[in-house]
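Structural overview for review
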Amino acid sequence: MTLAAEIIGAANREFAADDLLRAKMKAAKKLSPEDARSASRAVFAYYRWHGWLKMQQPMSDRITHALELTENFAKRPLTFSNEELTTLAVPAWTNGTMEVLPAWIRAIQGEPRLWLRAKQGQGMALAEALGDTWIADNPLLAEAVEYLGAEDLFRTREFQSGQFEIQDVASQAVGLVAAPKPGETWWDACAGSGGKTLHLSDLMQNKGLIWASDRAEWRLKKLKLRTARAKCFNYRSVVWDGGAKLPTRTKFDGVLVDAPCSGMGTWQRNPHARWTVVPNDVRELAVIQHQLLAHAAPSVKPGGKLIYSACTLAHAETMDVAASFEQQFLDFTPLPLDNPFLPDTKPSARQMFWPQDCGGSGMFVAAWQRKA
Ligand SMILES: C[S@@+](CC[C@H](N)C(=O)[O-])C[C@H]1O[C@@H](n2cnc3c(N)ncnc32)[C@H](O)[C@@H]1O
């Protein structure tokens, strides 16, 4: 409780609660795994149920109340009305920025699920090797393994030998709908620490080439460590600041712009962000997303694909950016995609993966094909 209170007391827009939590855990060498788990449970509960808490109460009472609400919601979700949930679980400005569906709120008030991505064809074998796992009965998601156990996965032989990545199921869906083929040339323009580069590489069976760029060099350093562990060799990394000067003149079979965004789709996993993101972030990030797409688009070969993804559900960042891109770039036509979580729905060039449908974060994906 003391550690949780300390983190909550220090967290703000600049210092995110989950970063502080990680830093404290690293620094506190004597912290038992049980204490670490209970501190993180308390911090996340606090922000998930923040709208219900009375700020005039002492911090310890607020944390206790948040933990009680967590338990009540897990045991008796229907004692919470839709109206109560949609008005208290997220800030008021959310309404109007996106659709605040009761089903979405019910999904993000629960504990997030832990998703692993196995290498192609290895989902079942990984699930059996690790134990305490679950795989959906859906051939499109055969490599998405939910981990239900309590082991430290980073210490497992399977992780250390690169047999899986920890990757949210909605992020996995981005690689799946991008569907790169072995031997193709792709550009992962906002590669960060490489979550999607690794997936593209696996889907390409390590054949062909991926240019992985990001403006943050420190993220690309992490990408190099991860690619080495995963034995992913068909990539090269380069710093790109997102501007008009591109890192290469190569024309690509596919370009993925996994753009920086407000992260509203991650509000289950990262509830502190509900109370630090402001509407202006959404507006500013939408402009950046449009610029990134506009700069990257000319690198797509005629007949090639452009995929735009963002882990947000705000209209201004998703649908509006896709619409303004389409108005400006008439040589790109919408490319219908299957939604792996709702395989019976009609393919659409714009997909919103909602937490209540996918069991992971919220994610938007749009796809175009450049005219031949
Ligand atoms: C959503 S994250 C990428 C996550 C990554 N694709 C993955 O799957 O792990 C967005 C990335 O865009 C990068 N970024 C932010 N602004 C940028 C810009 N103007 N130009 C290029 N990259 C940018 C950030 O450094 C961040 O790594």
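Since the model is a prediction, treat every value here as computed from it, not as a measurement.

Domain annotation for the protein chain reports domain 1 (2-79), domain 2 (114-166) and domain 3 (169-370). Just the C-alpha atoms count here: the centres of domain 1 and domain 2 sit 28 Å apart.

What follows deals with the environment of Ser 171. Looking at the secondary structure, you find Ser 171 in helix α10 (residues 169-178). With 140 residues separating them in the primary sequence, Ser 171 and Cys 311 have C-alpha atoms 8.2 Å apart. Leaving out residues up to four positions away in the same chain, Ser 171 has contacts with Gly 195, Lys 196 and Met 363.

Here we take up helix α13 (residues 279-296). Relative to the 26 Å expected for 18 residues at 1.5 Å per residue, α13 spans 26 Å between its end C-alpha atoms, a close match to the ideal helical length. Within the span of α13, buried status applies to Val 282, Leu 285, Ala 286, Gln 289, Leu 292, Leu 293 and Ala 296. Projected down its long axis, α13 carries its buried residues within an arc of 130°, all on one side. The inward-facing, buried residues of α13 abut α6 (94-97), β8 (252-258), β9 (300-310) and α14 (319-328).

This part covers the sheet that holds strand β1 (residues 114-118). Sheet strands pair via backbone hydrogen bonds, and the direction of the pair is either parallel or antiparallel. Reading across from one edge, β2-β3-β1-β4 is the order of the four strands in this open sheet, with antiparallel pairing throughout. In this open sheet, the two edge strands, each paired with only one partner strand, are β2 (133-135) and β4 (164-166). Between one strand and the next, the sheet's axes are offset by a mean angle of 35°, whatever the strand orientation. As judged from the three bridges shared by β1 and β4, these two strands associate in the antiparallel manner. Of the residues in β4, the one forming a bridge with Arg 117 is Glu 165.

Right, let's get into the site of the ligand. Around the ligand, the surrounding shell holds 19 residues, and the nearest of these are Cys 190, Gly 192, Gly 195, Gly 242 and Pro 260. Mapped onto the shell around the ligand, the elements with two or more residues apiece are α11 (195-203) and α13. Taken together, the residues of the shell around the ligand sort by class into seven nonpolar, six polar and six charged.

It is worth spelling out the nonpolar core at this point. Side chains of nonpolar character tend, in soluble globular proteins, to be buried together. Formed by 80 residues in total, the largest nonpolar core has its most connected members in Ala 173, Ala 189, Val 255, Val 257 and Val 365. Counting contributing residues per domain, this core is built from domain 2 (114-166) and domain 3 (169-370), each supplying no fewer than three. Among residues more than four places away in sequence, those in contact with Val 257 are Ala 189, Cys 190, Leu 292, Leu 293, Ala 296 and Tyr 308. Counting residues in hydrophobic clusters, the runner-up holds 16 residues, among them Ile 7, Ala 42, Tyr 47 and Trp 49.

Once that is clear, we can look at the pairing of strand β5 (residues 185-188). Going residue by residue along β5, you find Thr 185 and Trp 187 tucked away on one face and Trp 186 and Asp 188 tucked away on the opposite face as well. Sheet analysis places β5 next to strand β6 (residues 209-214), joined by four bridges and oriented parallel. When the bridges of β6 are listed, Thr 185 appears paired with Leu 209. Remark: the β5/α11/β6 crossover connection has right-handed handedness. Two strands pair when backbone bridges link them, and β5 and β8 are joined in this way by three bridges, in the parallel orientation. Bridge pairing in β8 links Trp 187 to Val 255.

What counts, and where the lines are drawn
Residues numbered from 1 in each chain as written. Predicted model: local features only at pLDDT ≥ 70, side-chain atom pairs only at ≥ 80, totals over all residues. Domains from an automatic or database assignment. Helix = DSSP H or I, 4+ residues; strand = E, 2+ residues; numbered from the N terminus. Contact = placed C-beta atoms within 7 Å. Expected span 1.5 Å × (residues − 1). Buried ≥ 20, exposed ≤ 12 C-beta atoms within 10 Å, placed from the backbone. Arc of directions from axis to C-beta. Pairing = 2+ DSSP bridges. Axes fitted to C-alpha atoms, helices over the stretch in contact; angles between N-to-C directions. Near = placed C-beta within 6 Å. Nonpolar A, V, L, I, M, F, W, Y, C, P; charged D, E, K, R; others polar. Core = buried A, V, L, I, M, F, W, Y, C linked by C-beta atoms within 7 Å. Right-handed = clockwise from strand over helix to strand, strands pointing away.

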